[in-house]
Amino acid sequence: MPVLAAADPALSAAAPVRIMPLGDSITAGTGCWRAKLWHQLQTSGHTAIDFVGGVSDGGGCNPGYPYDFDHEGHGGFSATGIADNNQLPAWLAAARPDVVLMHLGTNDMWGGYIPLATKLAAFTKLVGQMRTANPAMKIIVAQIIPMSAAACATCPADVVALNNAIPGWAAGLTTVQSPVVVADLWTGYDAVADNVDGVHPNDTGYQKMAAGWYSVLSRVLGGITPPTTPPTSPPTAVPTTPPTTPPAGACTATYRVISQWGDGFQGEVTVRNDSAAPTTAWTATVTFPDTQQVIQTWNATATQTGSVVTVRNADWNGRTAPGGSTTFGFVASWIGSNRAPAVACTLH
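Parameters at a glance
Residues numbered from 1 in each chain as written. Predicted model: local features only at pLDDT ≥ 70, side-chain atom pairs only at ≥ 80, totals over all residues. Heavy atoms only, no water. 1 Å grid on protein atoms, 1.4 Å probe; cavity = no way out; pocket = protein on both sides within 12 Å on 5 of 7 lines; lining within 4 Å. Points joined across faces, edges and corners; volume = space filled by probe spheres on them. Helix = DSSP H or I, 4+ residues; strand = E, 2+ residues; numbered from the N terminus. Pairing = 2+ DSSP bridges. Axes fitted to C-alpha atoms, helices over the stretch in contact; angles between N-to-C directions. Salt bridge = Lys/Arg side-chain N within 4 Å of Asp/Glu carboxyl O. Buried < 20%, exposed > 50% of the residue type's maximum accessible area, 1.4 Å probe, protein only. Phe/Tyr/Trp six-rings, centres within 6.5 Å; stacked < 30°, edge-to-face > 60°. Right-handed = clockwise from strand over helix to strand, strands pointing away.

(A) View of the layout of surface pockets. Taken as a whole, the largest pocket holds about 970 Å³ of empty space. Along the wall of the largest pocket there are 37 residues; nearest its centre are Gln143, Val182, Asp184, Trp298 and Asn299. Of all the secondary-structure elements, those providing two or more residues to the lining of the largest pocket are helix 6 (155–173), strand 7 (180–184), helix 7 (203–224), strand 9 (264–273), strand 11 (293–298), strand 12 (300–305) and strand 14 (325–333). Counting residues per element, the lining of the largest pocket draws most heavily on helix 6, at six residues.

(B) The sheet that holds strand 14, seen in detail. Spatial strand order, 8-9-14-11: four strands in an open sheet with antiparallel pairing. For this open sheet the edge positions go to strand 8 (251–261) and strand 11, each flanked by a neighbour on one side alone. Averaged over all adjacent pairs, the angle separating strand axes in this sheet is 25°, with direction ignored. Alignment of strand 8 against strand 9, held across ten bridges, turns out to be antiparallel. Opposite arginine 256, over in strand 9, you have glutamate 268 as the bridge partner.

(C) Spatial organisation of the pattern of salt bridges. Evaluation of the coordinates by the stated rule reveals seven salt bridges. Across the salt bridge formed by aspartate 57 and arginine 34, the nearest N and O atoms sit 2.9 Å from each other. Separated by 23 residues along the polypeptide, aspartate 57 in the loop between strand 3 (55–56) and strand 4 (70–73) and arginine 34 in helix 2 (residues 33–43) bring together distant segments of the chain. Summarising the burial analysis for this pair, aspartate 57 and arginine 34 share the class buried. For the salt bridge of aspartate 290 with arginine 339, the shortest nitrogen-to-oxygen distance reads 2.8 Å.

(D) The arrangement of the packing of aromatic side chains in detail. Considering all chains together, one arrives at ten aromatic pairs under this definition. Here the aromatic rings of phenylalanine 77 and tryptophan 91 are separated by 6.2 Å at their centres, their planes lie at 40°, and the arrangement is tilted. Placement of the pair is phenylalanine 77 in the loop between strand 4 and helix 3 (79–84) and tryptophan 91 in helix 4 (residues 88–95), with a sequence separation of 14 residues. Phenylalanine 77 sits in the partly exposed class, given a relative accessible area of 27%. Note on tryptophan 91: relative accessible area 14%, which makes it buried. One aromatic cluster is present, formed by Tyr255, Phe265, Phe288 and Phe330 through successive ring pairs.

(E) Quick peek at the pairing of strand 6 (residues 138–143). For strand 6, the tally of buried residues reaches six of six residues, placing the bulk of the element in the interior. Here strand 6 shows a buried face lined by Lys138, Ile140 and Ala142 and a second buried face lined by Ile139, Val141 and Gln143. As defined by bridge partners, strand 5 (residues 99–103) adjoins strand 6 across four bridges and the pair is classed as parallel. Looking at strand 6, one finds that valine 99 is bridged to lysine 138. Between the parallel pair strand 5 and strand 6, the chain is carried across by helix 5 (residues 116–133), and the sense of this crossover is right-handed. Here strand 6 pairs with strand 7 via five bridges, running parallel. Residue pairing across strands places glutamine 143 opposite aspartate 184, the latter belonging to strand 7. Each parallel crossover has a hand, and for strand 6 linked through helix 6 to strand 7 it is right-handed.

This is the structure:
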């Protein structure tokens, strides 16, 4: 993640950080990732924030807790349409955001007739308009959630193509003053099980989206200004599984909690090759003692059966040198207690 510039005076503890959720009906619709994200931020200590935008959902998400209704989600709008019609500058002028969360591109997929280069050019124009409004804008761009083939035959492959292009595109535009940071909302998201119609999220989908936004936004907010008040519930001590001296040829797995909020947490496991030879693959197990349920993973693939999560390396991080290590992360829910799991790993 890029190093963030020092905070401007306007982003001091005296003024909340203004965050604009920007998108289409997936951002505007009730459900609702914005409400869930707001709740995660508030309960983890990020209270000096203000969601901004010219649209309000009027509390239609009904999550059972308060949240900020404001956003800049417009049903049916596309990235290319917003860029071509220069609609964003007026929205920015009215909302004056410090941070933009952009989930756009879904409505650019229909029919498969808009080239990838045209979509990326629209993204680039929108970033330029954000920086014109605020040269220190912090921009978080989503690798968008998947669409099912039943909803649109050509869309799944086009979504993959866009998401594969976004990291390189973002790296080419990011600056220290105005970083462009990628939020992976695609990995671990099922276009059928997590959507109501192959396109729009159900409650599980919204929960996954909120978790994906939170893992990135919490770090960006940490680079702008620290929380001004402690979390509603003091964070629990970070549980860690201490490594033990492994026998020759063994694999060591070490677990830690990155952050925790009212009903969820972000965990990380490091897999270390303690053998004398390179490994070509690895498998890890995470056995939870309580009610934890994994929602999303990155840098690995995971399946959960009961309390046991089986994790396998991604295509690109299976090979580790002797003494080397790799790390995977996940977001999970918890109820009542979040004791540290037992972790183990095997080399292949």
